[in-house]
Every structure is written in C-alpha cells, then in structure tokens.
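Here is what each chain is made of, one letter per residue.
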There are 2 protein chains.
Amino acid sequence: MNIKFEEREELKEKIKDVNNLGFGQYFTDYMFLMNYDEDTGWHDARIVPYDNISLPPSAMCLHYGQTIFEGLKAYRNGDKVFLFRPDENFKRMNRSNDRLCIPPIDEEFMVEALKKLIDLERDWIPDSKEASLYIRPFVIAIDPKLGVHPSGSYLLMIILSPSGPYYKDGLAPIKIYVEDKYVRTVKGGLGTAKAGGNYAASLKSQVEAEEKGFSQVLWIDGVNRKYIEEVGSMNIFFVTEDEIMTPELSGSILPGITRKSIIELLKSEGKKVVERRISIEEILTLHKEGKLLEIFGTGTAAVISPVGELFYEGTEIIVNNGEIGEISNYLYNELTDIQWGRKKGPEGWQVEV
Amino acid sequence: MNIKFEEREELKEKIKDVNNLGFGQYFTDYMFLMNYDEDTGWHDARIVPYDNISLPPSAMCLHYGQTIFEGLKAYRNGDKVFLFRPDENFKRMNRSNDRLCIPPIDEEFMVEALKKLIDLERDWIPDSKEASLYIRPFVIAIDPKLGVHPSGSYLLMIILSPSGPYYKDGLAPIKIYVEDKYVRTVKGGLGTAKAGGNYAASLKSQVEAEEKGFSQVLWIDGVNRKYIEEVGSMNIFFVTEDEIMTPELSGSILPGITRKSIIELLKSEGKKVVERRISIEEILTLHKEGKLLEIFGTGTAAVISPVGELFYEGTEIIVNNGEIGEISNYLYNELTDIQWGRKKGPEGWQVEV
Ligand SMILES: Cc1ncc(COP(=O)(O)O)c(C=O)c1O
Ligand SMILES: Cc1ncc(COP(=O)(O)O)c(C=O)c1O
C-alpha cells in the first residue's frame, strides 16, 4: 500500500529540556493514519500533520470500548535511530485485534509505515541516554451506530511523543501494593489484549494505592485470588538463589515484549528461568526464609523496575533491603544498551531507521 | 446551572417509517453537552446542533477506555411524552462514574437537562406503540495525555436516536447460548458499571453465538464458571411454580432498571420474587423435572424478552415449548402500558415532559 504524505506548513518548536518532557504529553508534527471499512479493507494510509480528529458522537469507540493500542519507543544514539523489536508490537496488535473483533493489519506493512514516520520525525527523538520517543499505535472503532456489535469501520493511528527519562535520578526501587479488592481481568476476558477497558478497570485501584503511598499495584488473579499476575503496566519477575521466575501467560496477563526479551536474554546466558503459577503465599514464604533475593518489573516504559517493597494485607515485604538488586541492575544496563544500540543485541532486536 | 442554546439553521428531515428505523442509527437535530475540568468542575452545559466532535488523538477515552454510558427512552402517547424513571439512570451513571474515577454529576440537574432536550426534540419521538426515542447519555475522558491515570477533564453528552420496535412482528421468544469460554467480567472488575470495556469484552462471544444461530449470550460467572449472571444487555429471570427468581447483584452484574422495576411490580402484586445465586445446573435440573415454566430477559431495549431456548454445553433447554409464557406476556404489556403512559404506574416511574 502506498503511503500518502501531506506536509505541514510550519513545524512546531521542539522541546529542549528532555528532563521536563514527562510521559505522553507532547506530540510531534506528524501522525500516521489508515482507515478500514468492510468494502475496501485497510486503505488510505497517510502521514499528515498532527491534529485533532473529528468523530461522530455515536462513534462506537466512545461507547463500547472497542479500542486497542500498542506502545514502543524509538531510541537515538548520535545519528543512529533504533526501534526495539517493532514486529513484536504489531504481532501483539493483531492478537489484540482478534480478541476485540477488529480486522487484522499487515504486520510487515505496519513496520515499514512506522519506519517511514520515524524517519520523518527523527529530529524529535531526544538525544539522550534515558529519554526517547514514545510510539503509540492504536485502533478505534468508528461506526456511527449504537448497536452492540463489532464496528464495520476503524481508524488506525500512530502518534509520537518525545518522553523524558522514566527515572529522573537514576534507577530506583519502587513500592508496590498487592491489590486484594479490585480485579483487572480474568481468564476468558480481555487481559491478554492491550484493550482500553483493561486500563479503565485499573484506575481506581491505582488511585487508592497511590493514596496509601505506593507507586504501583500488583494484580492477583480474579479466580483464586492468590496467584500473581502482573503490575499496572509491567510484568513481574522474582529472583531466588536457584532460579528466576515469572508468572506464566495464563490467559489473563499481557504478554510483555520486555518480559519475553528478558527471558530470552537470561536463558541465552545459561540462567534458569521458569514461567509458572506463583502464589503470593509462596513469595511470602520465600521472603521469610530469606530466599527472595530480588523482584523486578519489566515493561517498555521503565525497562526494568526494581521492587523495593511489596505490601500485602498488612505485611510489608522488604526486598533486598529496599535496594536495587544485582540482576535488576545488570538487566537494566544490558537491555538499554541494546535498545540504544550501544551494544549488539540478538538477531532482529535492533531495527535501525 | 444555566443551559445555553445554539439553534440549528436547518432542521433535518424526520424518518417517516418507524419500522425501518432500526436501533441507534439516526440521530436528532440537537445534542446536550457539558464539560468537566479540575478547576471549574462540571460547566458549560449547552444544547447545540448534533454534529461531529473534535478530539485530540491522545484523548484518554481513545486509549484507556475511561468511558461510561446510560440508556433510556422517551415514549410518545398522542401529545404526551414520558420518560421512565430517568432519575435511576443518572443514579446509576454516578455509580459508574465512581467506579471509573469520573467526577460525579448532579443527578437532579441532569434530569432537568434531559427534559429540556427531550422537549425541544419531541417531534422526533415516534408516534407509535412500539417505537420510541432512545436516549444515550455518556461520559468520555478527554485529557490529551497518555499516562495511565484518571483524566482531569471530561465531556458528558446526551444524544437521541429515534429507534424502531424491538420486535417487528410482536413479542417473540429468543434462543440464548450459555457462554462457556469467554467471561464478561468478574467481581472486583467493572461489571456493575455501564463501562465501555464490558461491552468490548462481549463482542467476540456475541459474534460466535450468532454464527451458531443464537441471538444472545448468557454469561456465567468467571470464578466458579457455574452461576448465572446476565444476558448481553439484559438481566434474566426464571419462573417456577413456586417463585420467580433472578441472580442477585453479586458484584459483577449490571443492576438493570427494568430488573428493579419488574421485581417491584411483581412484589406489589404479591408474587414471590427471590434474588440469589442460581447455578446453571439448578436450571437444568428444574427443566428436567418439568418445573421450569418460563425464562425471560429484562432491559430497556426489549423491555421483556421471552427465552424459548437455552443452549448449554450441547444440551438444548426448550422452555415453555419455545413459546411466550404467561408471565412474560403479562409483564411486557404491563410495563409498556406504564412506559407509554397508557396506565398509571407507581409513584415516580412516569416523568412527563
Ligand atoms: C498490563 C501490562 N502488562 C505488561 C506490560 C509490559 O509490556 P511490554 O514489555 O511489551 O511493554 C504492559 C505494557 O506496556 C502492560 O500494559
Ligand atoms: C449488561 C447489561 N445488563 C443489563 C441491562 C439492563 O439494564 P436496564 O434494565 O437498565 O436497561 C443492560 C442494559 O442496558 C446491560 O447493558
């Protein structure tokens, strides 16, 4: 498919101080759009000036949550610009699409379209070892109808947001509240998809945890209320002397691309990594016995997020004296080195633009 | 709060043939809007020409499903126009708002605003014993930011859609597929709220059931996978010789206003109505023993929907020979008579405009 291009008359002023960018607040000069309807399929791929979109008030996405999204980043290393495993994001987008009855996209075409957009906007990518350009592909259902049915028409967009360092003062451990009241999702639901509704379901829990002084929530499964699932927007890993473990992809967890990459990295170094059911009780016991060495979260935003404390039903689990663990630190450096192209990563991980 | 009014230059042509209106496809001349931001609270209430809205691509509702909605109808009886318990809809809207971290609305003001809008649009209300004007209040999160947090700004809208009779050829029994694979929601999730994500989660199940020849899906609880919850957009009732029963509001079911009204109507007539956990096995047993007399769904769209067949894991449960039951028929007539103002209903149920 051909990608049309509409030029802006005037470019925006770029934000100089990358430390004050925050996350997802500023957007670049251009965006990518593509429409779907039943007769033509996906069509009208175009790169146009970033601007508001016009939607009928009856657009299905505003009523029935038929929306999915992705999140990845572009990293600058001098003149070089890299994407990290973008094919994985569009693969996951198609899995999300399938679960939400959204027609599939051509994954290869999407990677090409993204590269074209990023190349056009390369000056927006912060020249920084920590800041990067956040990329948000998303799909919204736009049929102007109120019947509860999959929409017949969709809009796919990619917008770009230069974003500051996740850790302004270097890697720092976070405090996590283990959620025992609210449930994010359950097997058979939308949990494995990056669907808007999952995040709506998490807001109240996140707000209440923040009020209690925690920065994130750890979700427990909604059926047995005891197996560990994932953090707000991260997967989670536990390090013991024998192994590194992470909850298996049980049908309610988002299959993180950072999670997958960390597992692959660790295995390639001969470390023992297991994906299985992990109960919160098991973690409490390991902690009590002094066998729990590190906990860390993995996700595109933070890369690696060392967990200094878990709080579960009145019990504080202080991990590694609330300090950054060796493995967390190593993985953070290793993965960011690969993402920024300072080090060669496994085949296909670094896509240069 | 004052409601501003912006007049249209030209009114649209009204659709004459109410039988071909369908549902939620045509919209009237005007819509109601109101904005929220943290500094001013809800403000700028206005009735303006129905038209597209302009949203930044980063508007939170397009990413994180922070949207809720309501659904009710205006009924015409000659020159008279009635709303059915609109206060209940705005009460429920506030419960949905609360669950999704959306600031509360003034329920009384909203009823007044709705009456004003309906009065202005009274000519759009079909003059029909079955067709009516569907009313869709909804709230969307509009902060132009990608951080996963409750939005600081919202847009509340009410749009109106003249809609045809739910049953074109009179009340007719439906065939329902008991969903054993997908889950709508679970206690601790968003199930009690009228949140977009719940409907996104239902799409695939609905599509697959339709492919198998069923018109609706009956949801089973996501924890034990055996207790009956509700139908796509209806609550459900079971009639035996002794009693009429419906699943209790267990934390994952939408508290339907038709459900509530039916319970109140039946009780006021001295009928025994119980709200409790009902397993699908119990229904199978009652059916086998010949004790299951009727099943019906309740909701704003269909009012009463007699169920002629339930299909569960290979077993067909044919109810009342697949015909409309006595109680279903009675309740349909009774409630529609009240809604259309042909009969006086309990205090507060009929709000004349
Ligand atoms: C719910 C959830 N879990 C996990 C992740 C981590 O996924 P990834 O490593 O692909 O960023 C995300 C990410 O964005 C998420 O939203
Ligand atoms: C999931 C769900 N359950 C039940 C109902 C019935 O609710 P009400 O009677 O208020 O229309 C609806 C209604 O619209 C619904 O969406």
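Up top is the structure.
Criteria and cut-off values
- Residues numbered from 1 in each chain as written.
- Chains lettered and ligands numbered in written order.
- Predicted model: local features only at pLDDT ≥ 70, side-chain atom pairs only at ≥ 80, totals over all residues.
- Heavy atoms only, no water.
- Near = heavy atom within 4 Å.
- Polar contact = N/O pair within 3.5 Å; in protein donor to acceptor, adjacent residues only side chain to side chain.
- Helix = DSSP H or I, 4+ residues; strand = E, 2+ residues; numbered from the N terminus.
- Nonpolar A, V, L, I, M, F, W, Y, C, P; charged D, E, K, R; others polar.
- Least-squares fit on C-alpha atoms with pLDDT ≥ 70 in both.
- Contact = heavy atoms within 4.5 Å.
- Areas by Shrake-Rupley, 256 points an atom, 1.4 Å probe, with all protein chains shown as cover.
- Buried area = accessible area lost by both parts, 1.4 Å probe.
- Salt bridge = Lys/Arg side-chain N within 4 Å of Asp/Glu carboxyl O.
- Pairing = 2+ DSSP bridges.
- Buried < 20%, exposed > 50% of the residue type's maximum accessible area, 1.4 Å probe, protein only.

Q: Give a detailed account of the site of ligand 1, specifying residues and quantitative values.
A: Residues and elements named next belong to chain A. Surveying the vicinity of ligand 1 reveals 16 residues, the closest of which are Tyr199, Glu230, Ile257, Thr258 and Thr300. Note that an oxygen atom of ligand 1 is positioned 2.6 Å from one of the side-chain N or O atoms of Thr258. Those elements that provide at least two residues to the shell around ligand 1 are α5 (257-268) and β16 (292-299). Looking at the shell around ligand 1, its residues break down into 4 nonpolar, 8 polar and 4 charged.

Q: Any details on the relation of the copies chain B and chain A? Residues and values, ideally.
A: The two chain copies are related to each other by a rotation about an axis together with a translation along it. Once turned by 180° and shifted 0.0 Å along the axis, chain B lies on chain A with an RMSD of 0.0 Å. Taken together, the turn and the small shift mark the pair as related by a two-fold rotation axis. An overlap of 100% is found between the interface residues of chain B and their copies at the interface of chain A, pointing to a shared contact surface.

Q: How would you summarise the environment of Glu294 of chain B if you had to cite specific residues and measurements?
A: All names here are of chain B. If you trace the backbone, Glu294 turns up in strand β16 (residues 292-299). Considering only alpha carbons, one finds Glu294 and Glu323, 29 residues apart in sequence, at a separation of 9.1 Å. Apart from residues no more than four positions distant in its own chain, Glu294 is found in contact with Phe237, Phe238, Val239, Val319, Gly325, Glu326, Ile327 and Ser328. Only 2.8 Å separates the side chain of Glu294 from the backbone nitrogen of Ile327, close enough to count as a polar contact. Within polar-contact distance, the side chain of Glu294 engages the side chain of Ser328 at 2.7 Å.

Q: Go over the site of ligand 2, please, and point to the residues and values.
A: Residues and elements named next belong to chain B. Of all residues adjacent to ligand 2, which total 16 residues, the nearest are Tyr199, Glu230, Ile257, Thr258 and Thr300. Out of a free accessible area of 380 Å², ligand 2 has 95% covered by protein chains. Among the secondary structure elements, those contributing two or more residues to the shell around ligand 2 are α5 (257-268) and β16. Taken together, the residues of the shell around ligand 2 sort by class into 4 nonpolar, 8 polar and 4 charged.

Q: Could you give an account of the environment of Leu284 of chain A, with specific residues and numbers?
A: Structurally, Leu284 of chain A is set in helix α6 (residues 280-288). Placed 77 residues apart in sequence, Leu284 of chain A and Val207 of chain A show a C-alpha to C-alpha distance of 25 Å.

Q: Tell me about unusual backbone geometry, and please be specific about residues and values.
A: Even without being glycine, Val303 of chain B reaches a positive phi, approximately 65°. Relative to the helices and strands, Val303 of chain B resides in strand β17 (residues 303-312).

Q: Pulling in residues and values, what's your account of the interface of chain B and chain A?
A: On the chain A side, the residues contacting the 59 residues of chain B number 59 residues. The contact between chain B and chain A buries some 4900 Å² in all, and 66% of this surface belongs to carbon and sulfur atoms. Summed over the three residues of chain B that lose the most area to chain A, namely Pro57, Leu62 and Leu203 of chain B, the buried surface amounts to 13% of that side. Close ionic contact of Asp98 of chain A with Lys204 of chain B constitutes a salt bridge, the shortest N to O distance being 3.4 Å. Applying the counting rule to chain B against chain A returns 16 residue pairs in polar contact (both at pLDDT 80 or more). Breaking the side of chain B that touches chain A down by element, the ones donating at least two residues are β4 (53-55), β5 (67-69), α1 (86-99), β8 (132-141), β9 (154-163), α3 (196-200) and α4 (203-211) of chain B. Its residues placed into classes, the side of chain B that touches chain A shows 33 nonpolar, 17 polar and 9 charged. Two elements, strand β4 (residues 53-55) of chain A and β4 of chain B, share 3 bridges in a ladder whose sense is antiparallel. Note on β4 of chain B: the bridge partner recorded for Leu55 of chain A is Ile53 of chain B.

Q: I'd like a description of the pairing of strand β2 (residues 30-37) of chain B, backed by residues and values.
A: A regular strand carries its side chains on alternate faces of the sheet. Residues and elements named next belong to chain B. Extensive coverage of β2 is indicated by the burial of 7 of its 8 residues. Examined bridge by bridge, β2 and strand β3 (residues 41-49) share 7 bridges and lie antiparallel to one another. Bridge pairing links Leu33 to Arg46 in β3. Where β2 folds back on β3, the antiparallel hairpin that results is connected by 3 residues. As paired elements, β2 and β9 share 5 bridges and run antiparallel to each other. Among the inter-strand pairings, Met34 is bridged to a residue of β9, identified as Leu156.

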